[in-house]
Amino acid sequence: KITQNSISSGINAEYGHWAMDKVRSSRETDEAIADAIFKRAGSSDSISYAAVANEAKTYGRTELAIKLLDYEPRSAEQVPALMRMNRFTNAIQKAIESGDMDLVHTVIVTMETKETQREFINTLKDYPIASAWYAKWCSLTNTQKLHDHFYTQDNFEASALLSIKELELNTQTDSKIQRLESINRHFVDGSKEFESA
């Protein structure tokens with residue numbers, strides 16, 4: 001018995017096999033291949049662009065894989081595929097565009113372990129939503145990381161306010177003195193940043 005599901009499955013298999021063969025054998029440019037696959041398969045669920053992109057990556061055509069992932073409508077497949085290719089800037093952008101904050105969190109946590117510190121800092125500077133989410137996560141898990149984050153983002157006022165909050169909760173005199181000195185440094189750095197702007 002032929003059902004709608006079996007017809008759809010047949011279409012998926014047909015497009016998928018054709019796209020895989022195209023990736024493996026074509027000598028066209030990456031852009032030409034990606035365009036040809038999209039023109040034939042479209043933007044529906046008729047094909048998994050993430051699976052085809054993975055095949056392209058296997059054959060050493062990383063840029064083609066990135067172009068194919070632009071057509072993948074399912075962010076849950078698109079973003080992890082980008083992360084596997086170490087394309088974290090693309091991944092965080094697509095995760096933010098999806099509106100799925102769990103996906104944004106996953107990318108941020110992965111970026112923190114995979115990227116250099118400078119790369120991670122610069123990526124967060126470029127994406128304020130990601131930066132805010134990371135700050136929220138650090139506030140719940142690691143306040144020292146939150147201090148470091150505010151400092152690397154040149155947010156001296158927020159770092160000073162965090163130190164004040166910690167000061168209110170601290171009962172040790174020596175530690176309070178250290179916190180007061182830290183607060184003063186943050187406000188001084190913030191003033192310098194303002195004057196140089």
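Residues numbered from 1 in each chain as written. Predicted model: local features only at pLDDT ≥ 70, side-chain atom pairs only at ≥ 80, totals over all residues. Heavy atoms only, no water.

Points about the overall build of the chain
Each helix and strand counted, the chain has 12 helices and 0 strands in total. Moving toward the C terminus, one meets the helices and strands of the chain in the order α-α-α-α-α-α-α-α-α-α-α-α. Relative to its full complement of 197 residues, the chain shows a buried share of 35%. A fraction of 48% describes how many contacts in the chain between residues 6 or more apart in sequence connect residues 24 or more apart. (Helix = DSSP H or I, 4+ residues; strand = E, 2+ residues; numbered from the N terminus. Buried < 20%, exposed > 50% of the residue type's maximum accessible area, 1.4 Å probe, protein only. Contact = heavy atoms within 4.5 Å.)

Concerning the nonpolar core
Of all hydrophobic cores here, the largest spans 41 residues; its most connected members are Ile37, Val52, Leu68, Ile92 and Val107. Setting aside anything within four residues of it in sequence, one finds Val107 in contact with Val79, Met83, Phe88, Ala91, Ile92 and Ala95. (Core = buried A, V, L, I, M, F, W, Y, C linked by side-chain atoms within 4.5 Å.)

What to know about the packing of aromatic side chains
Within this structure, the stated rule accounts for 5 aromatic pairs. Ring plane angle 40° and centroid distance 6.5 Å describe the contact between Phe38 and Tyr49, whose orientation is recorded as tilted. In this pair, Phe38 is assigned in helix α2 (residues 30-41) and Tyr49 in helix α3 (residues 49-58), connecting sequence segments 11 residues apart. Aromatic rings pair up to connect Phe38, Tyr49 and Tyr71 into one cluster. Above the plane of the ring of Trp18 lies Arg40, whose end atom (NZ or CZ) is 4.5 Å from the centre. (Phe/Tyr/Trp six-rings, centres within 6.5 Å; stacked < 30°, edge-to-face > 60°. Lys NZ or Arg CZ within 6 Å of the ring centre and 35° of its normal.)

Focus on the layout of surface pockets
Estimates place the volume of the largest pocket at around 170 Å³. What lines the largest pocket is simply Glu112, Gln117, Phe120, Ile121, Leu124, Tyr134, Lys145, Asp148, His149, Thr152 and Gln153. Where the lining of the largest pocket is concerned, the elements lending two or more residues are α8 (117-126) and α10 (143-152). For the lining of the largest pocket, a count of residues per class yields 4 nonpolar, 4 polar and 3 charged. (1 Å grid on protein atoms, 1.4 Å probe; cavity = no way out; pocket = protein on both sides within 12 Å on 5 of 7 lines; lining within 4 Å. Points joined across faces, edges and corners; volume = space filled by probe spheres on them. Nonpolar A, V, L, I, M, F, W, Y, C, P; charged D, E, K, R; others polar.)

Observations concerning the environment of Asn122
You can see Asn122 is positioned in helix α8. Separated by 30 residues in sequence, Asn122 and Thr152 have C-alpha atoms that sit 9.1 Å apart.

Digging into the pattern of salt bridges
Summed over all chains, the structure comprises 11 salt bridges. Note that Asp21 is salt-bridged to Arg24, the shortest N-O span being 2.8 Å. Linking Asp21 with Arg24, this pair stays in helix α1 (residues 4-25), spanning 3 residues, or about one helical turn. Residue classification places Asp21 among the partly exposed residues on the basis of a relative accessible area of 43%. (Salt bridge = Lys/Arg side-chain N within 4 Å of Asp/Glu carboxyl O.)

Describing helix α7 (residues 101-114)
A rise of 1.5 Å per residue sets the reference length of α7, with its 14 residues, at 20 Å; its end C-alpha atoms lie 20 Å apart and thus fit the reference within 8%. The inward-facing, buried residues of α7 abut α5 (75-84), α6 (88-98), α8 and α9 (128-141). (Expected span 1.5 Å × (residues − 1).)

Quick notes on the confidence of the model for the chain
Put simply, the chain has an average pLDDT of 81, and 72% of its residues get 70 or more. Between residues 1-11, whose pLDDT stays under 50, and residues either more than four places distant or in other chains, the model counts 2 contacts. (pLDDT = per-residue confidence, 0-100.)

Focus on α5
In an α-helix, one full turn covers 3.6 residues, which means residues spaced three or four apart are oriented alike. Those residues of α5 that fall on the buried side of the exposure criterion are Gln78, Val79, Ala81, Leu82 and Met83. Taken from the residues just after α5, Asn86 is the one with a positive phi, measuring 60°.

Brief notes about unusual backbone geometry
Positioned with a positive phi, Asn86 is a non-glycine residue whose angle comes to about 60°. Inspection of the secondary structure puts Asn86 in the loop between α5 and α6.

Details of the packing of α5 against α7
Direction vectors running N to C along α5 and α7 enclose 5°, while the axes themselves pass 11 Å from each other. Considering their axes alone, α5 and α7 lie roughly parallel with respect to each other. Two secondary-structure elements touch here, α5 through Ser75, Ala76, Val79 and Met83 and α7 through Leu103, Thr106, Val107 and Thr110. The residue inventory of the contact of α5 with α7, partitioned by class, reads 5 nonpolar, 3 polar and no charged. (Axes fitted to C-alpha atoms, helices over the stretch in contact; angles between N-to-C directions. Parallel < 35°, antiparallel > 145°, perpendicular 65-115°, else oblique.)

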